[in-house]
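# Coordinate inspection notes
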Amino acid sequence: MLGALLAELEPLLGPLPFLGAVFLFTSALSCLVSNAACVVLVYGVLKDLHDGGGLAALRPAQVMLAMMMGASASFATPIGYQTNLMVLQPGGYSFADFARLGVPLTLSTALCAAASIYSLPASWLP
């Protein structure tokens, strides 16, 4: 179901915004579960999408890079990473503090990552 949605989304958005969408989706999921579990879940969907011919304008390595970087960008919640949770109480932070700083940080990271991944030379990708 998610793979079918992504397959329809890629031609509508184009390659660069699609990489950003993969990054943001993976990052949002990573804010709720561990980044390793997030990669396991999203990898299967993206692999099926590629095997089905759904990614015409992108190489598989580009989409996997966006997924891996998005899974590591869990800035928006304190439960996304162990260290965030460890400083929550001693630092006197609230859940909203993480969202206030983490959401803009995630969006700017997604923009930079998608642009960087899209502009990688083909000789650097497997």
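Read on for a plain summary of the structure.

Criteria and thresholds
Residues numbered from 1 in each chain as written. Predicted model: local features only at pLDDT ≥ 70, side-chain atom pairs only at ≥ 80, totals over all residues. Heavy atoms only, no water. Helix = DSSP H or I, 4+ residues; strand = E, 2+ residues; numbered from the N terminus. Rg over C-alpha atoms; globule rule 2.2 N^0.38 Å. Contact = heavy atoms within 4.5 Å. Areas by Shrake-Rupley, 256 points an atom, 1.4 Å probe, with all protein chains shown as cover. Core = buried A, V, L, I, M, F, W, Y, C linked by side-chain atoms within 4.5 Å. Buried < 20%, exposed > 50% of the residue type's maximum accessible area, 1.4 Å probe, protein only. Phe/Tyr/Trp six-rings, centres within 6.5 Å; stacked < 30°, edge-to-face > 60°. Axes fitted to C-alpha atoms, helices over the stretch in contact; angles between N-to-C directions. Parallel < 35°, antiparallel > 145°, perpendicular 65-115°, else oblique. Left-handed = near helix turned anticlockwise from the far one by under 90°. Expected span 1.5 Å × (residues − 1).

A word on the overall build of the protein. Tallying secondary structure elements over the protein gives six helices and zero strands in all. Each helix and strand of the protein, ordered N terminal to C terminal, gives the series α-α-α-α-α-α. Taken over the C-alpha trace, the protein has a radius of gyration of 15 Å; the compact-globule value for 126 residues is 14 Å, and the two agree within 12%. Along the first, second and third principal axes, the C-alpha set of the protein runs to 50 × 30 × 25 Å. Residue pairs in contact within the protein that sit at least 24 positions apart in sequence constitute 68% of those at least 6 positions apart. Surface accessibility of the protein: about 7100 Å² in total, with carbon and sulfur atoms responsible for 72%.

Turning next to the nonpolar core. Counting 18 residues, the largest nonpolar core has Phe18, Leu19, Val22, Leu46 and Val63 as the members making the most contacts within it. Mapped onto this core, the elements with two or more residues apiece are helix H2 (15–30), helix H3 (35–51), helix H4 (60–71) and helix H6 (95–118). When residues no more than four places from it in sequence are discounted, the contact partners of Phe18 are Leu6, Leu9, Glu10, Leu13, Leu49, Leu55, Leu58 and Val63.

It is worth spelling out the packing of aromatic side chains at this point. Evaluation of the coordinates by the stated rule reveals one aromatic pair. For the pair Tyr93 and Phe98, a centre-to-centre distance of 6.0 Å together with 75 degrees between the ring planes defines the contact as edge-to-face.

Turning to the packing of H4 against H6, a few remarks are in order. Closest axis-to-axis distance for the H4/H6 pair is 10 Å, and the angle between their directions is 155 degrees. One way to sum up the angle between H4 and H6 is to call them roughly antiparallel. Handedness of the crossing formed by H4 with H6: right-handed. Between H4 and H6, the residues in contact are Gln62, Leu65, Ala66 and Met69 and Ala113, Ile117 and Tyr118, respectively.

Quick look at H4 now. Its twelve residues give H4 an end-to-end C-alpha distance of 17 Å, which sits within 8% of 16 Å, the value for a rise of 1.5 Å per residue. Turning to H4, its buried residues number three or more, namely Ala61, Gln62, Val63, Met64, Ala66, Met67, Gly70 and Ala71. On the buried face of H4, the contacting elements are H2, H3 and H6.

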